[in-house]
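# Examining the three-dimensional arrangement
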Amino acid sequence: MATIVQKNRDYVTPATALKMLKMIMRHNLNLAVFNPKTGEWTEHTDHNRYLIPCLWAPPGVGKTAVVHQAANELREEMHLAQYNVLVEKLAIKEPTEVGGYPYPDKETMTFSHIIAKKWRDFSTAPGVAFLDEYAQGNISQQNGGRNITNERKCGDYDLCPGTTIVAASNMMENKAGTSAMPTQAKDVFTHLYIQPEAKEWAAWAMAKGLNPLVPSFIYELGAEYLCPALDTSAGSENAQPSPRSWERVHEILSMPWDLSDRSEYAAQRTLVSGTVGPVAAGQFYTHVELMHKLPDKEDVLAGRKLGKKLDTKNSGIMCLFSMILAANARPDNLTHLVKWCRELEAQEYGSLIMNMVRHIDKKLSSHPAVVEWFVKNESNLMLGGAK
């Protein structure tokens, strides 16, 4: 497996894309003024001052999630009554569904446009107009969206001042049905290329509560098993690993399996293979087998001597055990966990555990044992991308 990274592009991780989107949304919102007496938003600026980001990434990376998270965080930070995301999947819409259905006005001998109610409602308060699957649309569908991107209008309705338009698409090399985007259409966008980073994603997955088997596997083996180059050759597999498909693996693992039954073990493995592909699944189950070589996590969390020897030279074992310990950290066992981390010969895994603990539950960052550990280990604060 290999990850596609075009050398002539500047890539950002999802976390960096999130920060950039919030900056753009804030910039666009500041171009408008709210009048509390009338309850209306107005703008005194040229439309060209608005920035329109276009997110490019392989399937399953989380473009939609990043847009929603950026909007939600901005709404809370700026104490907005509402700042909603209107999602329009351009590739499955007729051009007139986005641009408006024309109908004649016999009295004025002109055409007006009928648009969906959600767009009419969107003209009264700022938010995010999210044109998803933009380049998956054909030229006529993309042209239907240009009234929004170029004129900030949907049909005859203006977008509310301060609204941010965001587009997103898979890239041509992803073979996801992407159409070429005309040059004049490209010119309105600020293009952001997103490529997930393994350690950053592992920290996010731990914070979200995914089974530690999944983030520890990605942390250990890297981006080629998180978002590889898609195999589009004849006869290639339908399933490919991606951040989204690994989340589904977590759901499969959470099902009530009796893994002592060989048929159930085989069934679980088949489902995982059908989700991330046989190559990634094969490597993943090699990682799963490490579970049999781990000591009891409760020995560490209760401050007891390990009942089984821990192979500290095996990076796969250490990474998996570290993630399991971090996932089970609680205020009543943190003192024992920090003591165990301090005594580890391989201090990089103590750093990994502590950073993951802080990432999973920020409230634990103020625990005296955790504070003391970070004071004594300042150089290891950022291991694994956990902040």
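Just above sits the structure.
Quick look at the structure, then. Everything numeric in this text was worked out from a predicted model, so none of it was measured. (Residues numbered from 1 in each chain as written. Predicted model: local features only at pLDDT ≥ 70, side-chain atom pairs only at ≥ 80, totals over all residues. Heavy atoms only, no water.)

### Observations concerning the pattern of salt bridges
Under the defined criterion, the tally for this structure stands at 12 salt bridges. Ionic pairing is found between Lys89 and Asp132, a salt bridge with its closest N-O pair at 3.0 Å. Pair noted here: Lys89 is in strand 5 (residues 85–89) and Asp132 is in strand 8 (residues 128–132), with a separation of 43 residues, a long-range link. Given the relative accessible area of 5%, Asp132 is considered buried. Counted as one network, the salt bridges with shared partners bring together Lys22, Arg26, Glu73 and Glu77. (Salt bridge = Lys/Arg side-chain N within 4 Å of Asp/Glu carboxyl O. Helix = DSSP H or I, 4+ residues; strand = E, 2+ residues; numbered from the N terminus. Buried < 20%, exposed > 50% of the residue type's maximum accessible area, 1.4 Å probe, protein only.)

### Structural notes on the side chain of Lys22
Structurally, the position occupied by Lys22 is in helix 1 (residues 14–29). According to the relative accessible area criterion, Lys22 is buried, its value standing at 16%. Other than its neighbours up to four places away in sequence, Lys22 contacts Ala70, Glu73, Leu74 and Glu77. (Contact = heavy atoms within 4.5 Å.)

### As for the sheet that holds strand 12 (residues 190–194)
The strand order 1-12-4-11-8-5 describes an open sheet built from 6 strands, whose pairing is parallel. Each of the sheet's edge strands pairs with one partner strand only, and the pair in question is strand 1 (11–12) and strand 5. In this structure, strand 4 (residues 53–56) lies alongside strand 12, joined through 4 bridges in parallel fashion. Residue pairing in the sheet places Cys54 in a bridge with His191 of strand 12. (Pairing = 2+ DSSP bridges.)

### A closer look at the packing of helix 10 (residues 262–276) against helix 11 (residues 278–288)
Running from N to C, helix 10 and helix 11 point in directions that differ by 135°, and their axes come no closer than 7 Å. Considered as vectors, helix 10 and helix 11 are oriented oblique to each other. As helix 10 runs across helix 11, the sense of the crossing is right-handed. Contact residues: helix 10 offers Tyr265, Gln268, Arg269, Val272, Ser273 and Val276, while helix 11 offers Pro278, Ala280, Ala281, Gly282, Phe284 and Tyr285. (Axes fitted to C-alpha atoms, helices over the stretch in contact; angles between N-to-C directions. Parallel < 35°, antiparallel > 145°, perpendicular 65-115°, else oblique. Left-handed = near helix turned anticlockwise from the far one by under 90°.)

### Side note on the packing of helix 13 (residues 315–327) against helix 15 (residues 347–360)
Packing of helix 13 against helix 15 brings their axes to within 9 Å, and their N-to-C directions diverge by 35°. Here the hand of the crossing between helix 13 and helix 15 comes out right-handed. Across from Ser315, Met318, Cys319, Ser322, Met323, Leu325, Ala326 and Ala327 in helix 13, the residues of helix 15 making contact are Tyr349, Leu352, Ile353, Met356, Val357 and Ile360. A class-by-class count of the residues in the contact of helix 13 with helix 15 yields 12 nonpolar, 2 polar and no charged. (Nonpolar A, V, L, I, M, F, W, Y, C, P; charged D, E, K, R; others polar.)

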